[in-house]
Amino acid sequence: MKKNRAFLKWAGGKYPLVDDIKRYLPAGDCLIEPFVGAGSVFLNTDYEAYILADINNDLIALYNIVKLRHVEFIRDARELFTPEFNQSERYYQLRAEFNASTDSYRRSLLFLYLNRHCYNGLCRYNLSGSFNVPFGRYKKPYFPEDELHWFSEKAQNAQFVCEHYQQTLLKAEKGSVVYCDPPYVPLSATANFTAYHTNSFSMTDQKNLARMAEQLSLEQRVPVLISNHDTELTRDWYASAVLHVVTARRTISSNILQRSKVTELLALYS
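Residues numbered from 1 in each chain as written. Predicted model: local features only at pLDDT ≥ 70, side-chain atom pairs only at ≥ 80, totals over all residues. Heavy atoms only, no water.

**Remarks on the nonpolar core**
Just so we agree on the cut-off: By convention a nonpolar core is built from buried Ala, Val, Leu, Ile, Met, Phe, Trp, Tyr and Cys residues, the set being connected through side-chain atoms within 4.5 Å. We call a residue buried when its accessible area falls under 20% of the maximum for its residue type, exposed when it is over 50%, and partly exposed in between, using a 1.4 Å probe and counting protein chains only. Residue contacts follow a heavy-atom distance rule, with two residues in contact if any of their heavy atoms lie within 4.5 Å.
Of all hydrophobic cores here, the largest spans 58 residues; its most connected members are Tyr 63 and Phe 73. Other than its neighbours up to four places away in sequence, Tyr 63 contacts Phe 7, Leu 8, Val 36, Gly 37, Ala 38, Gly 39, Phe 151 and Phe 160. One finds Tyr 165, Phe 201, Ala 210 and Ala 241 within the second-largest nonpolar core, a separate group that totals 27 residues.

Written out as structure tokens, the structure reads:
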């Protein structure tokens, strides 16, 4: 079966692990994702309904616009994927416009543009909430038209919400299945990529997520699958889950030699 790609580039995106995740995701009526990110798991599974959440308001606003207005969105976004916009000066002008804009449709167009033209497809904001990733210098950024069409089609059965993971987990009832892809624990002090958004994900959050997952499976009979790096810490946090070890290729490092294979855990509470 053909794997469907997300229309956004995303640090820690789950496209390379989709087959492993699907192998361990239980059946159910509704898939709930408190950390939807680029949505690779959503795009490659077949549940009747989806509740997809993220703390990033720009991401959720974009998804709701693609869901409801994909034809005009694709038409308008295409205009930003021409050689005149693939220049450093134009990039910084549009980044400044994005940071100043309060119009959700325009912000969504610019969010896609920035995602595909910025360095490594990173999504990062400074403490005042401004997007601050530098220009990526790609020869010809890819315009993900087919991926946008597919996302919009799939999104008709999905509800997108911007909220804290705890609120999303409270929506889980019998028949639901939860997949959690939290910001990963760093493998080393120098690899700390947890601050994708201004609300960085702390060790307390990591432990709390594991506790809530165990509670959901025991009290509500809702299975929860969590992915994370395979470390002593994560094995300790997920001690009461069934642990599956998978190998993923990490591409976040700017040094190609450091883009090595890393083992990850899929912790299943069921």
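**Re the pattern of salt bridges**
Selection criterion: Each reported salt bridge corresponds to a side-chain nitrogen of Lys or Arg within 4 Å of a carboxyl oxygen of Asp or Glu. A run of DSSP states H or I qualifies as a helix once it reaches four residues; a run of E qualifies as a strand once it reaches two. Both are numbered from the N-terminal end.
One pass over the structure, following the stated rule, counts 10 salt bridges. As a salt-bridge pair, Arg 69 and Glu 72 come within 2.9 Å of each other at their nearest N and O atoms. Of this pair, Arg 69 and Glu 72 are both found in helix H3 (residues 57–78), three residues apart, which corresponds to roughly one turn of the helix. On the accessibility criterion, Arg 69 (34% relative accessible area) is partly exposed. Judged by relative accessible area, which is 28%, Glu 72 ranks as partly exposed. Asp 76 serves as the salt-bridge partner of Arg 75, at 3.0 Å between the closest nitrogen and oxygen. Accessibility expressed as a relative area gives 47% for Arg 75, which makes it partly exposed. Residue class for Asp 76 comes out buried when judged on its relative accessible area of 18%.

**Some points on helix H8 (residues 203–220)**
Short version of the rule: Here, expected helix span is obtained from the residue count minus one, scaled by 1.5 Å.
A rise of 1.5 Å per residue sets the reference length of H8, with its 18 residues, at 26 Å; its end C-alpha atoms lie 25 Å apart and thus fit the reference within 8%. Those residues of H8 that sit buried are Asp 205, Gln 206, Asn 208, Leu 209, Ala 210, Met 212, Ala 213, Leu 216 and Ser 217. The inward-facing, buried residues of H8 contact helix H7 (165–169), strand E4 (176–180), strand E5 (224–229), helix H9 (232–237) and strand E7 (261–269).

**Focus on empty space enclosed by the protein**
Where empty space is left can be seen by rolling a probe of water-molecule size over the atoms. Heads up, the rule is: Using a 1 Å grid laid over the protein atoms alone, points where a 1.4 Å probe fits but cannot get out form a cavity; open sets with protein on both sides within 12 Å along at least 5 of 7 lines form a pocket; any residue with an atom within 4 Å of a point counts as lining. Grid points are joined across faces, edges and corners, and a volume is the space filled by probe spheres set on the points. Gly falls in the polar group here, along with every residue not listed as nonpolar (Ala, Val, Leu, Ile, Met, Phe, Trp, Tyr, Cys, Pro) or charged (Asp, Glu, Lys, Arg).
With the rule as written, the count across this model stands at one cavity of 30 Å³ or more. One number sums up the size of the largest cavity: a volume of about 70 Å³. Around the largest cavity, the lining is made up of 14 residues, and of these Lys 14, Val 36, Gly 39, Ser 40 and Asp 181 lie nearest the centre. Here the residues of the lining of the largest cavity are counted per class, giving six nonpolar, five polar and three charged.

**Some remarks on the pairing of E7**
As a reminder, the rule being used: Two strands pair if DSSP finds at least two bridges between them.
The buried count for E7 comes to seven of nine residues, which makes it a mostly enclosed element. Bridge count between E5 and E7: six bridges; the pairing is antiparallel. If you follow Leu 225 over to E7, its bridge partner there is Leu 268.

**Details of the UniProt feature "binding site: S-adenosyl-L-methionine" (unreviewed entry) in the protein chain**
Inclusion rule: UniProt positions are given in the numbering used here, feature names are shortened, and annotations may be inferred rather than shown by experiment.
Residues annotated in UniProt with the feature "binding site: S-adenosyl-L-methionine" (unreviewed entry) correspond here to Trp 10, Lys 14, Asp 54 and Asp 181. Filtering the just-named annotated residues for those lining the largest cavity gives Trp 10, Lys 14 and Asp 181. Asp 54 gets classed as buried once you look at its relative accessible area, which sits at 10%. When sequence neighbours within four positions are dropped, the list of residues in contact with Asp 54 reads Pro 34, Phe 35, Val 36, Gly 37, Leu 59, Ile 60, Val 161, Cys 162 and Glu 163.

**Points about the packing of aromatic side chains**
Keep this limit in mind: Planes of paired rings set the category: under 30 degrees apart is stacked, over 60 is edge-to-face and the rest tilted, where pairs are Phe, Tyr or Trp rings (Trp by its six-membered ring) whose centres lie within 6.5 Å. Note on criteria: charge over ring means Lys NZ or Arg CZ within 6 Å of the ring centre, with the direction from the centre no more than 35 degrees off the ring normal.
Scanning all chains against the criterion turns up 21 aromatic pairs. For the pair Tyr 91 and Tyr 113, a centre-to-centre distance of 6.1 Å together with 40° between the ring planes defines the contact as tilted. A residue pair is termed long-range when its members are at least 10 positions apart, and Tyr 91 in helix H4 (residues 88–100) and Tyr 113 in helix H5 (residues 104–117) qualify at 22 residues. Note on accessibility: Tyr 91 and Tyr 113 belong to one class, buried. Three or more aromatic residues link up through ring pairs in this structure, and these residues are Phe 7, Phe 42, Tyr 47, Tyr 50, Tyr 63, Phe 151 and Phe 160. Lying across the ring of Tyr 15, Lys 3 places its NZ or CZ 4.5 Å from the centre. The ring of Tyr 15 is capped by Arg 5, whose NZ or CZ atom sits 3.9 Å from the centre of that ring.

**Considerations on H4**
We count it as follows: Note that the arc is defined by the directions from the helix axis to the C-beta atoms.
If you check H4, its first and last C-alpha atoms are 19 Å apart, about what 13 residues at 1.5 Å a residue would give, namely 18 Å. Those residues of H4 lying buried are Tyr 91, Leu 94, Arg 95 and Phe 98. Relative to the axis of H4, the buried residues are bounded by an arc of 105° and lie together on one face. Turned more than 90 degrees off the buried face of H4, the exposed positions are Glu 89 and Ala 100. The elements touched by buried residues of H4 are H3 and H5.

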